[in-house]
Every structure is written in structure tokens, then in C-alpha cells.
Amino acid sequence: MKAKRTWWRDGVIYQIYPRSFQDTNADGIGDLQGIIQRLDYLKDLGIDGIWLSPINPSPDVDFGYDVSDYLNIDAKFGSMQDFDLLLNEAHRRNIHIIMDLVLNHSSDQHPWFQESLKSKDNPYHDWYLWRDPAPDGDYPNNWLSFFGGSGWEYNSSLNQYYYHTFCPEQPDLNFRNPEVRQAILDVFRFWLERGVDGFRLDVFNAYFKDRELRDNPRRRGLHLRPYDRFEHVNDISQPEMFPFLQEIRKLVDKYPNRYVVGETFLASPVQARMYIAPDLLHAGFDYAYARSPWGPTGFGNAVAYWDALHGEKDWPNYFLNNHDTPRSASRYVTGEDDARLKLLASMHLTLRGTPYLYYGEEIGMRDTRYSRAEIQDPVGKRKWLSVKGRDGCRSPMQWDASANAGFSPAKPWLRVNPEYPTRNVEAQLQDPESLLNFYRALIRLRRENPALHAGSLELLPLENESVLVYKRSAPTQEALIALNFSNHPQQVNLPGEDNTRAWQLLFGGSESDPPLLDADSLSLPAYGTAILSR
Ligand code: NOJ
Ligand code: CA
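Predicted, not measured: the structure shown is a model, and the values here were computed from it.

## Remarks on the pattern of salt bridges
Thinking step 1. Counted according to the given criterion, the structure contains 32 salt bridges.
Thinking step 2. Residues Asp338 and Arg366 are paired through a salt bridge, measuring 3.1 Å at the closest nitrogen-oxygen approach. With Asp338 in the loop between helix H10 (328-331) and helix H11 (339-348) and Arg366 in the loop between strand S11 (354-358) and helix H12 (378-381), this residue pair connects regions lying 28 residues apart in the sequence. As far as burial versus exposure is concerned, Asp338 and Arg366 are alike and both buried.
Thinking step 3. For Arg423, the salt bridge is made with Asp338, and the minimal N-O distance between the two is 3.0 Å.

## A short note on the environment of Ala90
Thinking step 1. The topology assignment puts Ala90 in helix H4 (residues 80-92).
Thinking step 2. Judged by relative accessible area, Ala90 falls into the buried class, the value being 0%.
Thinking step 3. Spatially, the C-alpha atoms of Ala90 and Lys43 are 8.9 Å apart, while their sequence positions differ by 47 residues.
Thinking step 4. Leave out the neighbours within four places in its chain, and Ala90 touches Leu39, Ile95 and Ile97.

## Observations regarding the sheet that holds strand S13 (residues 467-474)
Within a sheet, each strand pairs with its neighbour through backbone hydrogen bonds, oriented either parallel or antiparallel.
Thinking step 1. Strand order in the open sheet made by the five strands is S12-S13-S14-S19-S16, with antiparallel pairing throughout. With partners counted over all chains shown, the strands left at the sheet margins are strand S12 (456-459) and strand S16 (504-507), one partner each. Each strand of the sheet is rotated relative to its neighbour by a mean of 30 degrees, with strand direction disregarded.
Thinking step 2. With four bridges joining them, S12 and S13 adopt antiparallel strand pairing. Across the sheet, Glu458 pairs through a bridge with Lys471, a residue of S13.
Thinking step 3. Strands S12 and S13 of the sheet are contacted by helix H9 (residues 296-310), whose axis makes an angle of about 140 degrees with S12.
Thinking step 4. Sitting on the sheet, H11 is in contact with S13, strand S14 (477-484) and strand S19 (529-533), with an inclination near 155 degrees to S14.

## Comments concerning the packing of aromatic side chains
The way to describe two aromatic rings as a pair is by their centre distance and the angle between their planes.
Thinking step 1. This model, assessed by the stated rule, comprises 50 aromatic pairs.
Thinking step 2. Aromatic side chains Phe146 and Phe166 sit 5.9 Å apart centroid to centroid with 80 degrees between the ring planes, which places their arrangement in the edge-to-face category. Placement of Phe146 in the loop between strand S4 (130-131) and strand S5 (152-155) and of Phe166 in the loop between strand S6 (160-163) and helix H6 (178-194) is noted, with a sequence separation of 20 residues between them. This pair shows no difference in class: Phe146 is buried, exactly as Phe166 is.
Thinking step 3. Between Phe175 and Phe208 the ring centres are 5.9 Å apart and the planes differ by 55 degrees, which places this aromatic pair in the tilted class. Linking Phe175 in the loop between S6 and H6 with Phe208 in the loop between strand S7 (198-201) and helix H7 (241-252), this pair joins segments that are 33 residues apart in sequence. Summarising the burial analysis for this pair, Phe175 and Phe208 share the class buried.
Thinking step 4. Directly above the ring of Trp413 sits Arg19, whose terminal nitrogen or CZ lies 4.3 Å from the centroid.

## Concerning the pairing of strand S2 (residues 49-52)
Thinking step 1. Residues of S2 alternate between two faces, with Gly49 and Trp51 on one and Ile50 and Leu52 on the opposite face, all of them buried.
Thinking step 2. As defined by bridge partners, strand S1 (residues 13-16) adjoins S2 across four bridges and the pair is classed as parallel. Looking at the pairing, Ile16 lines up with Leu52 of S2.
Thinking step 3. Bridging between S2 and strand S3 (residues 96-101) involves four bridges; their strand directions are parallel. By the bridge assignment for S3, Trp51 is matched with Ile98.
Thinking step 4. The β-α-β motif built from S2, the intervening H4 and the parallel element S3 has right-handed crossover chirality.

## What about the coordination of the calcium ion (ligand 2)?
Thinking step 1. The protein atoms that coordinate the calcium ion (ligand 2) are Asp23 (OD), Asn25 (OD1), Asp27 (OD), Ile29 (O) and Asp31 (OD), at distances of 2.2 to 2.3 Å.
Thinking step 2. Site description for the calcium ion (ligand 2): donor spacing in sequence, D-x1-N-x1-D-x1-I-x1-D.
Thinking step 3. Given the relative accessible area of 48%, Asn25 is considered partly exposed.
Thinking step 4. We classify Asp27 as partly exposed; its relative accessible area is 33%.

What counts and how
- Residues numbered from 1 in each chain as written.
- Chains lettered and ligands numbered in written order.
- Predicted model: local features only at pLDDT ≥ 70, side-chain atom pairs only at ≥ 80, totals over all residues.
- Heavy atoms only, no water.
- Salt bridge = Lys/Arg side-chain N within 4 Å of Asp/Glu carboxyl O.
- Helix = DSSP H or I, 4+ residues; strand = E, 2+ residues; numbered from the N terminus.
- Buried < 20%, exposed > 50% of the residue type's maximum accessible area, 1.4 Å probe, protein only.
- Contact = heavy atoms within 4.5 Å.
- Pairing = 2+ DSSP bridges.
- Axes fitted to C-alpha atoms, helices over the stretch in contact; angles between N-to-C directions.
- Phe/Tyr/Trp six-rings, centres within 6.5 Å; stacked < 30°, edge-to-face > 60°.
- Lys NZ or Arg CZ within 6 Å of the ring centre and 35° of its normal.
- Right-handed = clockwise from strand over helix to strand, strands pointing away.
- Donors = N, O, S within 2.8 Å, 3.2 Å for Na, K, Ca; no water.

Encoded structure:
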């Protein structure tokens, strides 16, 4: 009997940054109609779900990560009708929609915050983290903002400070107030009722803060960023998050086939793992893999650890790219050659765990360099995290060689990458050896082979220090994946076992320079991939 397919576990999820995907009304900003127009492209790519970065109304201090109405769609992206249409059209193609919920903080323009500003006895005052100044007028405690400076912003009419983990325009909600928790659960219910398939929870482990707002202790060692000079034990990761996640999960589980994935803020793999359980999150993100240095040791270590932490019961996921990080094509490659990206794709799509792709990853989009004057990201503008900020990985999707890469007839909100005349979807669809066709083939392969989408994972000893080798085992099939991270041909021995069935080459990556398989060894070209099965 064929095992039932679970979309978020067996499939591939594709993150869209809606501002940058496809503009249809010539305002230079991507929109929901644009996503609808491109659904067939995504269907052909072979994905099962879309994670949409936030589309709720937002004054865009942090481009959607500052929400002023949780129960609506921002007019720049379209209407609620457009959203319902997107849901329908996606579902018709068996594509699921994951919404990004940014609940740790709202926008300062949210009516809840506007009310809370009015007076200390306004019913909404306690919905945010207001505190009196210290006796000397100083900040209520030593907590800093992740985006730089104190986490406390002074309001002179109330003579109080409010707390913000991120920008001052992103005040943190007070999750210890039961009315806040109720309002948040209502947000989930609202979108579940509309038919949304899943949620990505932005920095969920920051929802609760220490009840007494005690100072964070100093961290040992020298740290460049002031934020890193503290142990973040009191401003994030409080035990109260567990029962609240249980409430969220109970609600979500009332609806069939739904999914909740969490972005665990500042967490080690072990901490991120703690929130994944049948009554908590379905899955969580971990950065170790995306931050790995190039080579089998770094990736092997990250994968071994993250896989082992999940054990047999829970299901990992992996991402190489998102809207906060320089693109893998810029981190691991200089120049325009895609050989290394094909190798990364081969690994990414054959691990035990849901692969997340970020728009444009499948055509090898590089980060775009922006001048100081072009910068849009608040982080870049404030020179806080780094001088450049996160705009580089958010440039418009490169669809074709026409003006603005086919993203928009108007001037895009962020300039298109100058390589777009050659690096774009249309050109790559026509080239059988393109990165895009490589992704399409691998996604299909993953879907068709149970060892690849459902099998357990076993890393084999590194007998050649340039080649990562692992086995995926499902009841009906085994696969062996060998990945050559070096720019020279390499050879590995096949594991000699009692199994008499011989390995067959399932995927060799390249028609012109394929790997060579003989009875007990495998020869891989530079940056070559071999996927064997039996
Ligand atoms: C994490 C998001 O991924 C990031 O883009 C955002 O700036 C912060 N949370 C604040 O919401
Ligand atoms: Ca638009």
C-alpha cells in the first residue's frame, strides 16, 4: 500500500517575499495577483507549499514584519478577495499556503498600541510592555534591541518606557495578559477558517519575557555587537511558551492537515528542537546548516546533529536561504558559475527533512549590491547589524530578459540584479543544463523515490575528505548519495555489505560529464553528484 503523502513532510516548501515576486499593477511592488500568475511556474517546479512573508497591512518600517492589522491584507498586495483567489488557485494545484505570523510585536500604528498610548488606565495599556523609568530616570532594565540601542523607548506623555525587541516602531506585546493571548488565538482561528494551511511563527520564543523583567546577565568574552554581550535568559525563551504553544497547536489540530513551523530566535539547535513535538510545533528552523562553511565536514556536522536531535519521531527541515541572510549563491560562489550550486541543490533535496527554497534560489540568483542611497532595510539604514542590511537577498525575481526582468513594468521598489539579462527563468527553462532544470529534475526525483522523501538518514564515514556520502533507507528502497565538494574528480568506495542487490545510478547530474559507477567504486567529476538506488 502506498503511504499517505503529507504535504509539509514529504514535499518541498518555497518561500516568497511578496514585494519582490511579481508586480501586476505597475506600482513597482509585487502583489498577490502576481503570485497567482506564477502558480503554474511553481507547480512545474514541483513544490507543495508556499511560505508567504507577511502580507498583513503594515507601515513597512520592517517590510511587513510590523503589522498594523492581523486580520486583513495590505492593500499594496491586493484585497481579501485576491487572497481567497490565491488560496483557491493554489489549492487547485495542490499547493499549500503558509502565512507568516508576526505576533511577538505589532506595528506602533496598530490600534492596540495606539490605544495603549492614550493613558495608563486605558484597557489596552497592559497589552504592551510599559514600565516606569528607574528611580534615576534610566531605562527599566538593561535589555537591548536586536536592531541596536536600548530596547526601551520613552514616551513623555505617559512618563513610561515601552519595550521593543526590534525597531521602536515594533512594540512587543504583553503575552502575560490573557486578553492578548486570546486575541492572538483569534488571529490563528481567523486564518484557519479562511483555509490557510500553515503558519510560520516569527521569533515565537520571544513572546514571553521574565515576569519581573530582570536584567540579562553579562556574557563572558569579547563580543563586537553590544547585543551579544548579554546572555539572553530573561528577554526570550521563557517556560510559559510551552503551554501557549500547546494551546496554539490544539487549535490548529482542529483543522485537518495544518502545519506550524517556528522561527526560534537566537536558539542553538538543541533549544530549537525543544519546541518540536506532537503537541507543540511541527517543525523549526536551525541556522547551523545555512551557516556551514563549504565542504563535507561542515555540512555533514550540521546535518548529523540536526537529524539526530529529531530522532525517528520528528521531522527536520533545512534551508539555505531566506529573507534575512545573504544568498547561498553569494556566500559559496564567486562569479557566475553554477557548478557549486548544483552540488548544494543535490544535497538540499536529498536530505531527510523538508527542503525550503527561497524564491530565485532555483535560478541561482546572487545578492544585489546596493549603494547607501538605495538601501531600504531599516537594519541597513541604521548601520546596526551590518552596513548593508538585508536588501541584497530581496531583489526582484528575475523572470526574463525584458525591462526590470519581467518583474514589473514600473521602477521596482528595489533595483533588479544587473545579471538578469542572462540569469532569468525564461533563459534557464530553455537550457537543458541550467540550474533551474537541475532543480526541477531533483524535485521530481525526490517526489518519485520513497528513499529520498521518506527514508531515514545515515552519514557514512568520510573516507575521502572531499566527498560527503550518505544513505537514505525506506522499507522499499535505499539510496546512496555522494557529493564531491572539490573542484577535482574524486573517487569513493561503495559500502561493501551483504546486500546482493547492486546499486543503480538514479541521477548523475550531468549528461556530458556523468559519474562512473563500477562494482565497488564511484568516480565523481569536479563538484559532481551521484544518486544511486537499489
Ligand atoms: C525575524 C524576521 O525573519 C525578520 O525579517 C524580522 O526583521 C524580525 N523577525 C522582526 O520581526
Ligand atoms: Ca503591485
